[in-house]
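For reference, the chains in residue letters:
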Amino acid sequence: MYTAHPDRYADMPYRRTGRSGLKLPALSLGLWHNFGPDRPAETQRAILRRAFDLGITHFDLANNYGPPPGAAESALGGFLRSDFGRYRDELVISTKAGYLMWPGPYGEWGSRKYVLSSLDQSLQRMGLDYVDIFYSHRPDPDTPLEETMGALHSAVQQGKALYVGVSNYSAEQTREAARILGELGTPLLIHQPRYSMLDRRPEDEGLLDALDELQTGSIVYSPLEQGLLTGRYLEGIPEGSRAASDSPFLNSDAVTEELVARLRELNGIAESRGQTLAQMALAWVLRGGRVTSALVGASSPQQLQDSVGAIANLDFDADELARIDAIVKQ
């Protein structure tokens, strides 16, 4: 039987999420592409155990994570039963609805029918009575925002979610979602955008400013830019990498000589800080406290351990930030 490490809360920083009472670890574990049947179950179990032992109390999912869709939630459900059942109240578990899950007109997007049906299916796969955070995974251009936010509010009213959030919403959409939810009496807890040193749209498009104004938390995904902001691409495209496979999430054409040269320059700054490039990239999104938590994936416990090393140095001086900006924006 798994017994969690007694010092699991000793080192991990926990940050208050917006103006709520909920604190999230600075690093959270995303179960996106490493928790399907194509990965060994023992490796999955070892990653989850190492995460919790390191103070990562938040496991983030969506209905379509796997692959195939639903597989990650089913996998976590098994590990909750075998390993983490007695630690449920120490865990924050989140899931989302928005992308395609079943055929026909009710299997994706943001209708009340889809959102609430999806949540019921997610809870069944995980063997849970409730999730801590339930997200609208993407805005639906054809469904009134009042309907989608009303479905999130209903999930809370029904006791199936404690908090609600949105993901991939623009600043304007986020403000409107927060207004609607506020009038219903269910605050918008958190937004999950894509954000990294190489992808600064949340800054450039005013999303981080909107979240500051709303006092809404944020948890960012792809802070390592699909692996580009690791040491893996410092010599080009290695065999077996995501870019080498022409993944839809990272195309080999994106890994240009110019980009590799910039990654090497960034790596030089990381080394001067006593960090790997991945650790510096994680520290960068967490700098200054505007971001509540950064989502990391892991294909092994050691990879996760390396990511957690970022918390040893989350501060940047003005010169470091200026040098990073000069490299990224050149």
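Residues numbered from 1 in each chain as written. Predicted model: local features only at pLDDT ≥ 70, side-chain atom pairs only at ≥ 80, totals over all residues. Heavy atoms only, no water.

## Describing the pairing of strand E3 (residues 27–30)
It is a general feature of regular strands that their side chains alternate between the two faces of the sheet. Residues Leu-27 and Leu-29 of E3 are buried on one face, and the alternating residues Ser-28 and Gly-30, pointing to the opposite face, are buried as well. Of the pairings in the sheet, the one linking E3 to strand E10 (residues 293–296) comprises three bridges and is parallel in character. Each residue of the ladder has a partner; that of Leu-29, found in E10, is Val-296. Bridge analysis of E3 against strand E4 (residues 58–60) gives two bridges, and the strand direction is parallel. Note that in E4 the partner of Gly-30 across the bridge is Asp-60. Of the crossover connections in this fold, the one passing from E3 over helix H1 (residues 41–53) to the parallel E4 is right-handed. (Buried < 20%, exposed > 50% of the residue type's maximum accessible area, 1.4 Å probe, protein only. Helix = DSSP H or I, 4+ residues; strand = E, 2+ residues; numbered from the N terminus. Pairing = 2+ DSSP bridges. Right-handed = clockwise from strand over helix to strand, strands pointing away.)

## Re the packing of aromatic side chains
Taken as a whole and assessed by the stated rule, the structure comprises eight aromatic pairs. Ring geometry for Tyr-9 and Tyr-14: centres 6.0 Å apart, planes at 55 degrees, overall tilted. Classification of Tyr-9 as partly exposed rests on a relative accessible area of 39%. Owing to a relative accessible area of 27%, Tyr-14 belongs among the partly exposed residues under this scheme. Between Trp-102 and Tyr-114, the ring centres sit 5.4 Å apart and the planes meet at 50 degrees, which makes this aromatic pair tilted. In this pair, Trp-102 is assigned in the loop between strand E5 (92–97) and helix H3 (112–126) and Tyr-114 in helix H3, connecting sequence segments 12 residues apart. Its relative accessible area of 21% is what places Trp-102 among the partly exposed residues. (Phe/Tyr/Trp six-rings, centres within 6.5 Å; stacked < 30°, edge-to-face > 60°.)

## Regarding helix H9 (residues 277–286)
In terms of burial, H9 is largely enclosed, as 10 of its 10 residues are buried. Among all positions in H9, only Leu-277, Ala-278, Gln-279, Met-280, Ala-281, Leu-282, Ala-283, Trp-284, Val-285 and Leu-286 are buried. Once H9 ends, the next one or two residues include Gly-288, with phi positive near 75 degrees.

## A look at the sheet that holds strand E6 (residues 131–136)
Ordered in space as E3-E4-E5-E6-E7-E8-E9-E10, the eight strands form a closed barrel in which the pairing is parallel. Strand-to-strand twist of the sheet, defined as the mean angle between neighbouring strand axes without regard to direction, takes the value 30 degrees. Sheet analysis places E4 next to E5, joined by three bridges and oriented parallel. What sits directly across from Asp-60, in E5, is Ser-94. Docked against the sheet, H9 engages E3, strand E9 (217–220) and E10, running at close to 150 degrees with respect to E10. (Axes fitted to C-alpha atoms, helices over the stretch in contact; angles between N-to-C directions. Contact = heavy atoms within 4.5 Å.)

## Observations regarding the environment of Met-126
Relative to the helices and strands, Met-126 is located in helix H3. The exposure class of Met-126 is buried, given its relative accessible area of 1%. In this structure the C-alpha to C-alpha distance between Met-126 and Phe-59, which are 67 residues apart in sequence, comes to 12 Å. Contacts of Met-126, omitting those with residues within four sequence positions, involve Leu-61, Glu-73, Leu-76, Gly-77, Leu-80, Arg-81, Ile-93, Thr-95 and Val-131.

## Points about helix H8 (residues 257–272)
The terminal C-alpha atoms of H8 lie 23 Å apart, and with 16 residues this matches the ideal 22 Å at 1.5 Å per residue to within 8%. Of all the positions in H8, only Leu-259, Val-260, Arg-262, Leu-263, Leu-266, Asn-267, Ile-269 and Ala-270 are classed as buried. Packed against the buried residues of H8 are H9 and helix H11 (318–328). Positive phi appears at Gly-274, one or two residues downstream of H8, with a value of about 75 degrees. (Expected span 1.5 Å × (residues − 1).)

## Some remarks on the pairing of E5
Of all six residues making up E5, six are buried, and the element is well covered by its neighbours. The alternating pattern of E5 places Val-92, Ser-94 and Lys-96 on one face and Ile-93, Thr-95 and Ala-97 on the opposite face, and all of these are buried. As a crossover connection, the stretch from E4 through helix H2 (residues 71–84) into E5 is right-handed. As judged from the four bridges shared by E5 and E6, these two strands associate in the parallel manner. Note that in E6 the partner of Thr-95 across the bridge is Phe-134. As for the winding sense of the linkage, the β-α-β connection from E5 through H3 to E6 is right-handed.

## Some points on the side chain of Ser-222
Mapped onto the fold, Ser-222 is located in the loop between E9 and H8. By relative accessible area, Ser-222 is classed as buried at 14%. A distance of 3.1 Å separates a polar atom in the side chain of Ser-222 from a polar atom in the side chain of Gln-226. In this structure, Ser-222 is in contact with Arg-194, Tyr-195 and Ser-196, ignoring residues within four places of it in sequence. (Polar contact = N/O pair within 3.5 Å; in protein donor to acceptor, adjacent residues only side chain to side chain.)

Just distances and angles here, no functional claims.
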